[in-house]
Amino acid sequence: MKSVLVAGGAGYIGSHAVHQLVERGYEVAVVDNLKTGRLAAVHPKSIFYEGDLRNRNFLTQVFSRHRFDAVIHFAASSVVGESMKMPLEYFDNNVYGTQVLLEVMRDAEVKKIVFSSTAATYGEPEKVPITEDMPTNPTNAYGETKLAMEKMMKWADVAYGLKYVALRYFNVAGARNGGDLGEAHEPETHLIPLVLKVALGKTPAITVFGRDYPTPDGTCIRDYIHVEDLIDAHVLALEYLNSSGTSNTFNLGSSQGFSVEEILSAARKVTGHSIPAQLGPRRAGDPARLIAGSEKAQKVLGWKPSRTSIERIISDAWRWHSRHPDGYTASI
């Protein structure tokens, strides 16, 4: 049985990863400070440690209790707008937290890490779809921290032979098919759950941040990937590293672009609710169009996303939100 540490395993994406790993027979330990994660989302068959990656003594103790084969690293602050207001806090949490994690991994001789990166490392792309060989020029502090984390791993590989896979993903959405696990942030900043909160009557209207972008309907275009497809790629990345794969970077997306207006239209169809919208100003650091070129992940990792319909993504998210209108405040 392979033993894996999942940093940030109580968060939205991390908790889905833990569930898949446990179901596939992995022994999983979770580290999360519960700042944004939810204890109720942690798989009961995983081993949970509450603590912060920046706490070296805490993290060293966790590594002393297990012989990990690899680490999957989700733990990071990830709100674009907040990162523009609090860049130093983002560098402290994201970059310094990763530095401590890599140092503890080096000392414990754990040589493999799968890293949750982001399309925000590219900034405003020269063209779409975005491929891994394109320039990285983040337009927000969040993307800059993720790029710094990637570069730190590159040099850790050079110096210590620590192999990594950086997965640059686009807009993650959806939920487990059974509706027992889903997205619950406080405050919520992601478009699809915000739209569904309007459908639930939790908020009166969705705010569309700008209708003057150079896109067909004037609203931002994003590539949405189902969270379960995303986690499939993380497991494949683990297997790739376990098979002596070299350090590498992959985009993860559906290679389809949907505007904010198209998301609203699909959500109205799925939920049967009108979902009122109001216009707001552009947000700092928001590129007009982000669409993934994911051919490399499909070719090298053998990744085959199967839940690419936007209606499927929204339907699975709607099932979760309908059953858990208050998120994890009620037991799942």
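Above this text sits the structure in question.
Report follows, based on the coordinates. From a predicted model like this one, the values you see are computed outputs, not experimental measurements. (Residues numbered from 1 in each chain as written. Predicted model: local features only at pLDDT ≥ 70, side-chain atom pairs only at ≥ 80, totals over all residues. Heavy atoms only, no water.)

### Some words on the packing of aromatic side chains
Selection rule: The pairing test for Phe, Tyr and Trp rings, Trp by its six-membered ring, is centres within 6.5 Å, and the orientation test on the planes gives stacked under 30 degrees, edge-to-face over 60, and tilted for anything in between. Secondary structure counts use DSSP, requiring at least four H or I residues in a row for a helix and at least two E residues in a row for a strand, with both numbered from the N terminus. Relative accessibility decides the category of a residue: with a 1.4 Å probe and only protein chains considered, values under 20% of the type maximum give buried, values over 50% give exposed, and everything between is partly exposed. In our convention, an over-ring charge means Lys NZ or Arg CZ found within 6 Å of a ring centre and within 35 degrees of that ring's normal.
Here the structure, examined in full by the defined rule, presents three aromatic pairs. With 6.1 Å between their ring centres and 90° between their planes, tyrosine 240 and phenylalanine 250 make a pair best called edge-to-face. Of the two residues, tyrosine 240 sits in helix α7 (residues 227-242) while phenylalanine 250 sits in strand β11 (residues 248-252), which places them ten residues apart along the sequence. When its relative accessible area of 0% is taken as the criterion, phenylalanine 250 is described as buried. With centroids separated by 4.9 Å and ring planes inclined at 45°, the aromatic side chains of tryptophan 320 and tyrosine 328 adopt a geometry described as tilted. What makes tryptophan 320 buried here is its relative accessible area of 0%. By relative accessible area, tyrosine 328 is classed as buried at 11%. Directly above the aromatic system of tyrosine 160 lies the positively charged group of arginine 106, at a separation of 5.2 Å from the ring centroid. Positioned above the aromatic ring of tyrosine 213, the side-chain terminus of arginine 282 is 3.9 Å from the ring centre.

### Concerning the environment of lysine 127
Relative to the elements of secondary structure, lysine 127 occurs in the loop between β5 (112-118) and α5 (141-160). On the accessibility criterion, lysine 127 (57% relative accessible area) is exposed. Sequence-wise, lysine 127 and glycine 327 are 200 residues apart; in three dimensions their C-alpha atoms are separated by 38 Å.

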